Amino acid sequence: SDFIANSIFMYPKLCSELLSQGGVSDPLGFLEPKKVVSEQIVEGLSDFEMKHRLREIRRSFMVMIAWRDLTGRAEIEEVFSALCSLAECIISRTIEVVRAGFIKMYGDAISDDGSTPLPLLTFGMGKLGGEELNFSSDLDLMFCYPYDGETSGGSRSISFKEFFSRIVQRVTNLL
């Protein structure tokens with residue numbers, strides 16, 4: 001596969017690490033990419049570096065998934081599951097990191113009783129929502145938040161609409 005060869009050439013370090021951790025032989029080695037995503041996608045990265053790391057993670061995990069698929073080690077359901085799990089981890093972590101950056105500037109969107117941060121609800125539509133993501137699928141996402149208000153705890157307060165809109169715009173750009 002040209003995809004596998006090119007990916008290993010472009011990202012040899014991460015591919016090697018995933019291989020040594022059993023990414024090809026052990027389905028659990030790559031069905032749970034949360035650890036790698038959490039270690040690589042961190043606060044303080046430039047957009048350029050964040051995009052580079054997201055591409056590296058995506059391509060490296062897809063090599064393991066494709067290898068298992070092409071060698072008959074994985075059923076199609078495992079392939080779909082692994083691709084969806086990877087996408088969900090990347091999306092969730094990217095939202096967390098982007099939100100943390102905006103909290104430093106604007107504070108956070110907190111519930112009326114002041115006890116909990118409001119979630120940015122993220123729905124996977126299409127193949128992601130149906131858990132049928134394949135190697136060429138795009139991500140169809142829908143975002144929403146519970147209700148309007150103003151952020152608190154930052155140097156400047158903005159509306160929840162503006163706060164969550166900025167998060168979604170940056171996440172969309174990064175992904």
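Rules and cut-offs
Residues numbered from 1 in each chain as written. Predicted model: local features only at pLDDT ≥ 70, side-chain atom pairs only at ≥ 80, totals over all residues. Heavy atoms only, no water. Helix = DSSP H or I, 4+ residues; strand = E, 2+ residues; numbered from the N terminus. Buried < 20%, exposed > 50% of the residue type's maximum accessible area, 1.4 Å probe, protein only. Contact = heavy atoms within 4.5 Å. 1 Å grid on protein atoms, 1.4 Å probe; cavity = no way out; pocket = protein on both sides within 12 Å on 5 of 7 lines; lining within 4 Å. Points joined across faces, edges and corners; volume = space filled by probe spheres on them. Nonpolar A, V, L, I, M, F, W, Y, C, P; charged D, E, K, R; others polar. Phe/Tyr/Trp six-rings, centres within 6.5 Å; stacked < 30°, edge-to-face > 60°. Core = buried A, V, L, I, M, F, W, Y, C linked by side-chain atoms within 4.5 Å.

### Brief notes about the environment of lysine 127
Piece 1. On the secondary structure map, lysine 127 appears in helix H7 (residues 126-129).
Piece 2. Here lysine 127 falls in the partly exposed class, since its relative accessible area comes to 41%.
Piece 3. For the pair lysine 127 and phenylalanine 80, spaced 47 residues apart in sequence, the C-alpha separation works out to 9.3 Å.
Piece 4. Not counting residues within four places of it along the chain, the set of residues in contact with lysine 127 comprises Cys84, Glu132, Leu133, Asn134 and Ser137.

### A few points about the layout of surface pockets
Piece 1. Of the voids in this model, the largest pocket is the one considered here, and its volume is about 540 Å³.
Piece 2. Taken together, 24 residues form the lining of the largest pocket, with Arg58, Ala87, Ile90, Leu139 and Leu175 sitting closest to its centre.
Piece 3. Elements with a minimum of two residues in the lining of the largest pocket: helix H5 (47-70), helix H6 (76-106), strand S3 (140-144) and helix H8 (160-174).
Piece 4. Broken down by element, the residue count for the lining of the largest pocket peaks at six residues, all from H5.
Piece 5. Partitioned by chemical class, the residues of the lining of the largest pocket number 16 nonpolar, three polar and five charged.

### A word on the packing of aromatic side chains
Piece 1. Within this structure, the stated rule accounts for five aromatic pairs.
Piece 2. A ring pair is formed by tyrosine 147 and phenylalanine 160, whose centres lie 6.4 Å apart and whose planes are at 50 degrees; its orientation type is tilted. Here the residue tyrosine 147 occupies a position in the loop between S3 and strand S4 (152-153), and phenylalanine 160 occupies one in helix H8, the gap between them amounting to 13 residues.
Piece 3. Of the residues examined, tyrosine 147 reaches a relative accessible area of 29% and is grouped as partly exposed.
Piece 4. A relative accessible area of 2% places phenylalanine 160 in the buried class.
Piece 5. With a centroid separation of 6.4 Å and an interplanar angle of 70 degrees, the aromatic rings of phenylalanine 160 and phenylalanine 164 are classed as edge-to-face. Here phenylalanine 160 and its partner phenylalanine 164 are both found in helix H8, four residues apart, which amounts to about one turn of the helix. Per residue, the accessibility class of phenylalanine 160 equals that of phenylalanine 164, and both read buried.
Piece 6. The structure contains a cluster of three or more aromatic residues connected by ring pairs, namely Tyr145, Tyr147, Phe160, Phe163 and Phe164.

### A word on the nonpolar core
Piece 1. Membership of the largest hydrophobic core comes to 46 residues, with the highest contact counts inside it found for Ile41, Met50, Ile57, Phe163, Phe164 and Ile167.
Piece 2. Mapped onto this core, the elements with two or more residues apiece are helix H2 (12-20), helix H4 (34-40), H5, H6 and H8.
Piece 3. Looking at this core element by element, the count peaks at 14 residues for H6.
Piece 4. Contacts of phenylalanine 163, omitting those with residues within four sequence positions, involve Arg99, Phe102, Ile103, Tyr106, Gly107, Asp108, Ala109, Thr151 and Ile158.

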